[in-house]
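Tertiary structure, described
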Amino acid sequence: MEESKLISLAKQGDQQALELLYRATVDSLYKFILYKVGHRELSEDICQESYLRAFKNIGNFQGKSSFKTYVYTIAKNQIIDHYKSK
């Protein structure tokens, strides 16, 4: 299914659409986070929190970028916040 259609369905609360968006991006996002932080447990936490935030705010997603870019940006900001708090 086309990403824009999945986003539209996700905005309407379709759990299957959210799952498909998650499955399409989770492996690469986790690897990105692990590369940046170097700790497996922390990477899992940041990855999980990134998806929670992305899905909670999916209604604000304007589609100017891909969903992957959207969730990567959230993760990147989470990583920055983690290092700021140290």
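About the thresholds
- Think of each chain on its own: its residues are numbered from 1, step by step along the sequence as written.
- Only residues with pLDDT of 70 or above have their local features reported here, since the model is predicted, and side-chain atom pairs are shown and tallied only from 80 upward, although totals for entire chains, interfaces and linings are computed over all residues.
- Side-chain measures here rest on the full set of heavy atoms in the structure, leaving out hydrogens and waters.
- Each helix corresponds to a stretch of at least 4 residues labelled H or I by DSSP, and each strand to a stretch of at least 2 residues labelled E; elements are numbered beginning at the N terminus.
- Atoms counted for the radius of gyration: C-alpha only. Globule rule: 2.2 Å times residue count to the power 0.38.
- Exposed residues in this analysis have more than 50% of their type's maximum accessible area, buried residues have under 20%, and partly exposed residues fall in between, with area computed by a 1.4 Å probe over protein chains only.
- Contacts are assigned to residue pairs with any non-hydrogen atoms lying within 4.5 Å of each other.
- Between N-to-C directions, angles cover 0 to 180 degrees, with each direction set by a line fitted to C-alpha atoms, over the stretch in contact for helices.
- For classification purposes, an angle smaller than 35 degrees is called roughly parallel, one larger than 145 roughly antiparallel, one from 65 to 115 roughly perpendicular, and anything else oblique.
- The sense of a crossing depends on the near helix, which, turned anticlockwise from the far helix by less than a right angle, makes the crossing left-handed and, turned clockwise, makes it right-handed.
- Just so you know the grouping, Ala, Val, Leu, Ile, Met, Phe, Trp, Tyr, Cys and Pro go in nonpolar, Asp, Glu, Lys and Arg go in charged, and all remaining residues, Gly too, go in polar.
- Put simply, a nonpolar core is a bunch of buried Ala, Val, Leu, Ile, Met, Phe, Trp, Tyr and Cys residues held in one set by side-chain atoms that sit within 4.5 Å of each other.

**Observations regarding the overall build of the chain**
- Helix and strand counts for the chain come out as four helices and zero strands.
- Rg of the C-alpha trace for the chain: 13 Å, near the compact-globule value of 12 Å for 86 residues, within the 12% margin.
- On the principal axes, the C-alpha backbone points of the chain span a range of 40 × 20 × 20 Å.
- The buried share of the chain, reckoned over its 86 residues, is 33%.
- The contacts in the chain between residues at least 6 apart in sequence include a share of 51% that link residues at least 24 apart.

**Notes on the environment of Leu42**
- Its location among the elements puts Leu42 in helix H3 (residues 40-56).
- Sequence spacing of Leu42 and Leu21 is 21 residues, and the spatial spacing of their C-alpha atoms is 22 Å.
- Among residues more than four places away in sequence, those in contact with Leu42 are Val37 and His82.

**Quick word on the packing of helix H2 (residues 15-37) against helix H4 (residues 67-85)**
- At their nearest, the axes of H2 and H4 sit 10 Å apart, and the two run at 30° to each other. By the angle between their axes, H2 is roughly parallel relative to H4. When the axes of H2 and H4 are compared, the crossing they make is right-handed. The residues of H4 that touch H2, namely those facing Leu21, Thr25, Ser28, Leu29, Phe32, Ile33, Lys36 and Val37, are Phe67, Lys68, Val71, Tyr72, Ala75, Ile79 and Tyr83.
- Partitioning the contact of H2 with H4 into residue classes produces eleven nonpolar, two polar and two charged.

**Observations regarding the packing of H3 against H4**
- The interhelical angle for the contact between H3 and H4, taken along N-to-C directions, is 130°, at an axis separation of 9 Å. The angle between H3 and H4 places the two elements in the oblique class. The hand of the H3/H4 crossing is right-handed. For the pair H3 and H4, contact is made by Leu42, Ile46, Glu49, Ser50, Tyr51, Arg53, Ala54 and Phe55 and by Phe67, Tyr70, Val71, Ile74, Ala75, Gln78, Ile79 and His82, respectively.
- Among the residues forming the contact of H3 with H4, the class breakdown is eleven nonpolar, three polar and two charged.

**What about the nonpolar core?**
- Among the nonpolar cores identified, the biggest contains 24 residues, and Leu29, Ile33, Tyr51, Ile58, Phe67, Tyr70 and Val71 are the most heavily contacted of them.
- Listed by contribution, the elements that provide at least two residues to this core are helix H1 (3-11), H2, H3 and H4.
- Apart from the residues within four sequence positions on either side, Phe67 is in contact with Glu3, Ile7, Leu21, Thr25, Tyr51, Ala54, Phe55, Ile58 and Phe61.

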